[in-house]
Amino acid sequence: MRNKNFIIIMTVIVSALCLYYLSFSFVARSVQKDAEAYATDAQGNVDHAQQQSYLDSVWREPVYNFLGAEYTYQEVKENELGLGLDLRGGMHVVLEVSPIEIVKSLAGNSKDPNFLKALARAQEMQRNSQERFPNLFAEAYREIEPDGRLSRIFSNTVTRGKISYESSNAEVVDMINLEVEEAIERSFNILRTRVDKFGVNQPNIQRLGRSGRIQIELPGVDNPDRVRKLLQGMANLEFWEVWTPEEVSPYFTQLSDHLNKEEKAGRLNIRNSATPAAPTAAGTTPSTVQDAAADDVLAQAAATSNDTAAAANDTTALAAADQTKADSADALQALQDEQMGVMGRLFTMMPGGIGANVRDTATINEIFSRPDVRAIFPPNMKFLWGVKPLQGDNRQEFVEFYSIKKGRDGKAPMTGDAVNDARQDFDQNGRPEINMTMTPTGAKRWAKLTGDNVNRQVAIVLDNYVYSAPVVQGEITGGNSSITGNFTIEEAKDLANILKAGKMPAPTRIVEEAIVGPSLGQEAISQGLISTIAGLVLVILFMIAYYARGGFIADLALLFNVFFIVGVLAQFGAALTLPGIAGIVLTLGMAVDANVLIFERMREEASKGLGIRDIINKGYEKAFSSILDANVTTFLVGFILYFFGSGPVKGFAITLMIGIVTSFFTSVFISRILIERSFKRSGKLSFSTSIADKMFRNVKFDVMKIRKPAYAFSLSIIVLGFVAMFINGGPNLGVDFKGGRSYVVEFDQAIPAPDLRSALLDNFESAGTEVKTFGASNRVKITTSWLAEDESTQADERVLSALMQGLDQYSNQNPEVLSSSKVGATMADDIQKTALLAVLLSLAGIFIYVMLRFTKWQFSLGGVIALLHDALMIIAVFSILELIGISYEIDQVFVAAILTIIGFSINDTVVIFDRVREYINDNPNKHIRDLVNPALISTFSRTMITSLTLLVVVVVLFIFGGEVLRGFSLAMIIGVLAGTYSSLFIATPIVIDTMKEKQTPVASAKVA
């Protein structure tokens, strides 16, 4: 084997990286156990508030030392292998930024009838199109008024400087597209800030391509209503006057005296949690209140230490000194607390004034909300935090604390609607700055605000957080101004976006939502672990039983594969989801395929009487081409699934792609090193058992003779399935594809699903409602299409209220909603289109790849028809099962199963095609019809073993994987059977039937 040392070095490096990244997960679990132990009383009860308090206290404290590098608990959590919402509970939300309101605002809320008709028409067109809304609007306007000029509507004060009355329709549409894109980006930044301030560990927020949608995942959230209000609220941009430090100082002195008295009286208990210095503008450590107090403490401590040393001449004094030394830590801490006072321990000096350690902000908020504290300050003074923490010593983060001056009516002197535009630019020295223009009305207010606050700060506040507080150099008239400071280009762009937040409405609405309760998440973890371990054990036992020592070595490679998958997921910062676990389980079955190909090749070479070393070399060389083709086609499917999927499907695709890469590396390279080491050590190698010698030994069949009955059989099943679908009233689409809302409800005892449905129908106004048992006999899944077209929060509340009213008659069974999900009608329509597009692109990609590899389109056609056959067989069998009362939804996870089967089936088909190509190269004078059967028979054992191992794995997943993956695993079972059948009796016969009588394909590459 060439490059053996390189493979060994790569294995060591990858293993070390996996161990390094997985170590964060172990440390995080250890800290969580410590927190739980800290919060557990003598009776074993856990105080969750106390547990969270413990975790908050170590959030920015070093908890892990790796080779001298220290990591805080926050950094450990950021690097650990996270769990998806389906495994830990929480809330998943997809929001859509509405472009319609933006277009209306840009048009100055025009009442032009053709404009309003075009808007309505564009909304209708959007339901069946992936095109951007402004382009659809332009198309609709052109239909309604062919010669109309959009500049007539959009040339106004809002768009001044961007378009004019002479602008072409294309220029207007480009401007609208740019404004919509900026509004989406602005909304994304605002939402990201809101999510960061929400206080959730490991939140995830990302834009979904160019769709204008934003996906947010909040693990552990237990107050969905608060999340909805937070995410859908309009941005609130305000400009406030700021009190100067000289004006605020007397009040803070009174507050300090008051808090010190409260602490001495035992009514306040504040520990010193912030000793590291805060940053300054120059990056040096300032002389702060803490520093001065600390100096006093150190001086007194030194004096005490000298006194102790002087008294240490006699034995008694020495003993006293030892006791003093033993208590020094507590004494020094108490002395430091007394010297610094409450204010000195909580606040520090910062570049713009005063601030505090981020972890102390909750304590400060609590103090400043007390009535006795509020009474110290004038009624027109309020306090706000800066939005962006600054880095201090020891990686501590500090945030500025602003004293805001309220007006007589308590409202801000100026709000965001006064801003016409804001852009990042550069000043005359090339430094980033923000140029801001005001509306005519806003310019007057801005002139007054700046004129009243020369040489004072004006705070730019969004959602009650200060983004910047520039000092006014002079009165600004004319409505044009620039904001300068120590900005980076990105910071200047962000601030410009913030200033535009109030310029025009960019409302967001929730188009998809899922809430998973923690109990359901814990159950999913147990089911996922059981199915993974059970599938792994069965595959390991089978490989040893069939391939003896060779199987044992393959199992070692398989364990390496699982380790690498989990380690790489941790390196990428991906979250492990339930479909991700399914991907791992599935990869276990598919990873066996490469080893089976290699070992079956070895057995063939052994039958020729070759030596062990030649058998090893030939086995790996001849199997390499098939393994590469099979892995490339499956990876292609995984990539398409990742690109077009969302949520759980994307998690599954990531795991599948990683598994394909790691299984190729472990099966082809690591297993070979292990096999060669084993042979070198013992001088022999066993890769066959009596079971292997007896199975599939005398298989004989003529695929061309039975191809027509096979075609008829497949066609009859597919036709029967579509007839069943027609009888059932169409496919049983899940909420993902048809829109609506679903809830998982648990009772104390089993409730008949038909009775519960009858009880709910009146409340849901007889809309389409489905109730079925979900996982356990006392658990049901309720799905309704009532108000599916209405995606508002009010509609969510109406449906949930109707559900709870319907459940009232079962109140003695204590119904509990464990999870819920919502998919808006437009979102469902898009999911349908992307799912169909993913399937079609997978087939197209496979068609092109196979044609390039085998040079003949007949091979591509045979492969793709076989794949279509497999997909249709799955859908048909699902419809037939529903006809007899076994019902499973067709949803995104179902589509993932179909695409996975496409990957598996083409994997199997390509291996057979590869052997046909090899036989053609070895027998150039024979017709392909004479070579088909020998090629199929020679690969039959490999086909059966691979299919059997994968079938065992998905059966385990079906039994132990839980209800969430039941439909997925059933589709996989049907698909494995159909894929194996089509590889043998559909794909290759179609290749032969579509070739001319004397046509013989030429291989594109010599098989090794």
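Quick notes on the rules
- Residues numbered from 1 in each chain as written.
- Predicted model: local features only at pLDDT ≥ 70, side-chain atom pairs only at ≥ 80, totals over all residues.
- Heavy atoms only, no water.
- Helix = DSSP H or I, 4+ residues; strand = E, 2+ residues; numbered from the N terminus.
- Buried < 20%, exposed > 50% of the residue type's maximum accessible area, 1.4 Å probe, protein only.
- Contact = heavy atoms within 4.5 Å.
- Pairing = 2+ DSSP bridges.
- Axes fitted to C-alpha atoms, helices over the stretch in contact; angles between N-to-C directions.
- Core = buried A, V, L, I, M, F, W, Y, C linked by side-chain atoms within 4.5 Å.
- Patch = residues over 30% accessible without salt bridge, like charges linked within 9 Å, V, L, I, M, F, W, Y side chains within 5 Å.
- Areas by Shrake-Rupley, 256 points an atom, 1.4 Å probe, with all protein chains shown as cover.
- Salt bridge = Lys/Arg side-chain N within 4 Å of Asp/Glu carboxyl O.
- Lys, Arg positive; Asp, Glu negative; His and termini not counted.
- Charge placed at Lys NZ, Arg CZ, Asp CG, Glu CD.
- Phe/Tyr/Trp six-rings, centres within 6.5 Å; stacked < 30°, edge-to-face > 60°.
- Arc of directions from axis to C-beta.
- Expected span 1.5 Å × (residues − 1).
- Bend = angle between axes of the 7 residues up to and from the residue.
- pLDDT = per-residue confidence, 0-100.

## A look at the overall build of the protein chain
Along its length, the protein chain carries 33 helices and 24 strands. Out of the 1008 residues belonging to the protein chain, those deemed buried represent 53%. The contacts in the protein chain between residues at least 6 apart in sequence include a share of 75% that link residues at least 24 apart.

## Side note on the sheet that holds strand β22 (residues 769-774)
As summarised here, the arrangement of the eight strands in space is β5-β6-β4-β19-β24-β21-β23-β22, forming an open sheet in which the pairing is antiparallel. The outermost strands of the open sheet, each flanked by one partner alone, are β5 (204-207) and β22. Taken pair by pair, the neighbouring strands of this sheet meet at an average axis angle of 20°, ignoring direction. Alignment of strand β21 (residues 740-746) against strand β23 (residues 776-784), held across six bridges, turns out to be antiparallel. In the sheet register, valine 744 faces β23, and the bridge partner there is lysine 781. Sheet strands in contact with helix α10 (residues 224-232) are β4 (90-97), β6 (213-219) and β19 (508-516), and its direction is about 155° off that of β19.

## Comments concerning unusual backbone geometry
Even without being glycine, asparagine 455 reaches a positive phi, approximately 65°. Within the secondary structure, asparagine 455 is located in the loop between α17 (440-451) and β16 (458-462). A positive phi angle, close to 65°, is found at threonine 855, a residue other than glycine. Among the structural elements, threonine 855 can be located in the loop between α28 (825-854) and α29 (857-883). Classification of threonine 855 by relative accessible area gives partly exposed; the value is 38%.

## Side note on the nonpolar core
Within the largest apolar cluster, 122 residues are counted, with the highest numbers of intra-cluster contacts made by Ile902 and Phe968. Among the elements that take part in this core, helix α30 (residues 892-922) stands out by supplying 17 residues, more than any other. Setting aside anything within four residues of it in sequence, one finds phenylalanine 968 in contact with Ala582, Phe652, Val893, Ala896, Ala897 and Leu957. Grouped together as the second largest cluster of nonpolar side chains are 43 residues, Ile100, Ile184, Phe188 and Ile214 included.

## Examining a positive patch on the surface
Together, Arg613, Arg677, Lys680 and Arg681 give the surface a local cluster of positive charge. Top contributing element to the positive patch by residue count: helix α22 (residues 648-682), with three residues. Summarising the element assignment, arginine 677 is placed in helix α22.

## Section: the sheet that holds strand β15 (residues 432-438)
On the basis of which strands lie adjacent, the open sheet formed by three strands has the order β14-β15-β18 and antiparallel pairing. On the outer flanks of this sheet lie β14 (419-426) and β18 (480-483), each paired with one strand and no other. On average, each strand axis in the sheet is inclined to that of its neighbour by 25°, with strand direction left out of account. Here four bridges tie β15 to β18, and the two strands are oriented antiparallel to one another. Residue asparagine 435 lies in a different strand from β18, and its bridge partner there is serine 482. Contacts from α17 reach β15 and β18, with the element oriented near 115° to β15.

## What about the packing of aromatic side chains?
Scanning the entire structure with this criterion turns up 42 aromatic pairs. Here phenylalanine 137 and phenylalanine 154 contribute two aromatic rings whose centre-to-centre distance is 6.1 Å and whose plane-to-plane angle is 80°, an arrangement assigned as edge-to-face. Residue phenylalanine 137 is found in helix α7 (residues 133-144), and its partner phenylalanine 154 is found in helix α8 (residues 151-154); the two are separated by 17 residues along the sequence. For the pair shown, phenylalanine 137 and phenylalanine 154 are each scored as buried. With centroids separated by 6.4 Å and ring planes inclined at 50°, the aromatic side chains of phenylalanine 564 and phenylalanine 665 adopt a geometry described as tilted.

## Examining helix α15 (residues 361-368)
The set of residues buried in α15 consists of Thr361, Ile364, Ile367 and Phe368. All buried residues of α15 lie within an arc of 120° about the axis, which places them on one face of the element. Summarising the geometry of α15, the exposed residues directed more than 90 degrees from the buried face are Ala362 and Glu366.

## Quick notes on a nonpolar patch on the surface
Judged by side-chain polarity, Leu715, Val719, Val723, Phe726, Ile727, Leu883, Ile884 and Ile886 come together as a nonpolar surface patch covering roughly 810 Å² of accessible area. The greatest single-element share of the nonpolar patch, amounting to five residues, is contributed by helix α24 (residues 707-728). Along the polypeptide, valine 723 turns up in helix α24. On the basis of relative accessible area, valine 723 is assigned to the partly exposed category, the value being 42%.

## Re the environment of isoleucine 8
Relative to the helices and strands, isoleucine 8 resides in helix α1 (residues 4-38). A relative accessible area of 28% places isoleucine 8 in the partly exposed class.

## Some words on helix α11 (residues 245-264)
Across its 20 residues, α11 extends 27 Å between first and last C-alpha, which sits within 8% of the 28 Å expected from 1.5 Å per residue. Maximum bend of α11: about 25°, positioned at tyrosine 251. If you check which residues of α11 are buried, you get Val248, Phe252, Leu255, Ser256, Leu259 and Glu262. Backbone geometry just after α11 places glycine 266 at a positive phi near 85°.

## Considering the pairing of strand β12 (residues 397-405)
In terms of burial, β12 is largely enclosed, as nine of its nine residues are buried. Where strand β7 (residues 237-242) meets β12, two bridges bridge the pair, whose relative direction is antiparallel. Across the sheet, valine 242 pairs through a bridge with isoleucine 404, a residue of β12. As judged from the five bridges shared by strand β10 (residues 381-386) and β12, these two strands associate in the antiparallel manner. Within β12, the position partnered with lysine 382 by the bridge is isoleucine 404. Relative to β12, strand β11 (residues 390-391) runs antiparallel, the two being bridged by two bridges. Of the residues in β12, the one forming a bridge with leucine 390 is phenylalanine 398.

## Some thoughts on the side chain of serine 860
Counting through the fold element by element, serine 860 comes out in helix α29. With sequence-adjacent residues up to four places away left out, serine 860 is seen in contact with Phe847, Val850 and Met851.

## Details of the confidence of the model for the protein chain
Looking at the protein chain as a whole, the pLDDT averages 79, with 86% of positions reaching at least 70. Note that pLDDT drops below 50 for residues 280-336; the model gives that stretch 38 contacts with residues more than four away or on any other chain. Predicted confidence is poor over residues 998-1008, with pLDDT under 50, and the contacts of this stretch with residues over four places away or in other chains come to 33 contacts.

## Considerations on the pairing of strand β9 (residues 353-357)
The two faces of the sheet receive side chains in turn, since in a regular strand these alternate between them. Of all five residues in β9, four are buried; the element is thus mostly enclosed. Pairing of strand β8 (residues 347-350) with β9, which is carried by four bridges, proceeds in the antiparallel orientation. If you follow phenylalanine 347 over to β9, its bridge partner there is alanine 356. Counting the residues between successive antiparallel strands, the hairpin from β8 to β9 contains two residues.

## Thoughts on the pattern of salt bridges
Where charged atoms of side chains with opposite charge meet at close range, the side chains can pair. Per the stated rule, a full pass over the model turns up 34 salt bridges. Across the pair arginine 445 and aspartate 417 runs a salt bridge whose closest N-O atoms are separated by 3.8 Å. Placement of arginine 445 in helix α17 and of aspartate 417 in the loop between β13 (414-415) and β14 is noted, with a sequence separation of 28 residues between them. What you see here is one network of salt bridges that share partners, running through Lys162, Glu179, Glu182, Asp421 and Arg423.

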